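Structure assessment
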Amino acid sequence: MERTLSIIKPDAVERNLSGAILKMIQDSGLKVVAMKMIQLSTAEAEGFYAVHKERPFFRSLVDFMTSGPVVVSILEGDDAIAKYRKLMGATNPANAEEGTIRKCYALDIEKNSVHGSDAPETAAVETGYFFSALEMVG
Ligand code: IDP
């Protein structure tokens, strides 16, 4: 069993797509073991994306991620990290495979509707960034 952090980003929450995206997640067999809707502060978004702070898109990404509420959740399942990355599709929706969340819903390479952890180490850091042990079921 593995756990990964999912964020439904402001572009998707704003378009009322949270339910549709959660249905795709649940239909894939991943189990939601923690979930909440929050509005990130600038400092929280900067901290979350600290690995990207030297990238040219960093400021724009932080502005986007703080522009409205997000739905953060922890997903659990066999191979959950890779399974969710596959379900999300490529970062740039123009390159995303049919049937992926980003192919269905992403607007562009930045407003790409979802985040998913990319490795066990980042999943551990990211789940702990948003949730305490008490907020995780099971
Ligand atoms: P990932 O979300 O598919 O793991 P990363 O390369 O880790 O992609 O980038 C993190 C986020 O930064 C992306 O999901 C996207 O919102 C944004 N991003 C990545 N590359 C670009 C870019 O070239 N321009 C604008 N935003 C970008």
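For the structure, see preceding data.
Heads up: these notes are all about the structure in this document. (Residues numbered from 1 in each chain as written. Predicted model: local features only at pLDDT ≥ 70, side-chain atom pairs only at ≥ 80, totals over all residues. Heavy atoms only, no water.)

Another point: the site of the ligand. The ligand sits among Lys9, His52, Phe57, Leu61, Arg85, Thr91, Arg102, Ile109, Glu110 and Asn112. Lys9 places a side-chain nitrogen or oxygen 2.9 Å from an oxygen atom of the ligand. In this structure, an oxygen atom belonging to the ligand sits 3.1 Å away from a side-chain N or O atom of Arg102. Its free accessible area being 530 Å², the ligand has 79% of it covered by the protein chains. (Near = heavy atom within 4 Å. Polar contact = N/O pair within 3.5 Å; in protein donor to acceptor, adjacent residues only side chain to side chain. Areas by Shrake-Rupley, 256 points an atom, 1.4 Å probe, with all protein chains shown as cover.)

Moving on, we get to the pairing of strand β1 (residues 2-8). Here is the key point about a regular strand: its side chains alternate between the two faces of the sheet. The element β1 is largely enclosed, with a buried count of 5 among its 7 residues. When β1 meets strand β3 (residues 70-77), the two strands line up antiparallel, connected through 7 bridges. Looking across to β3, one finds that Thr4 is bridged to Leu75. With 3 bridges joining them, β1 and strand β4 (residues 114-116) adopt antiparallel strand pairing. In the sheet register, Ile8 faces β4, and the bridge partner there is Val114. (Buried < 20%, exposed > 50% of the residue type's maximum accessible area, 1.4 Å probe, protein only. Helix = DSSP H or I, 4+ residues; strand = E, 2+ residues; numbered from the N terminus. Pairing = 2+ DSSP bridges.)

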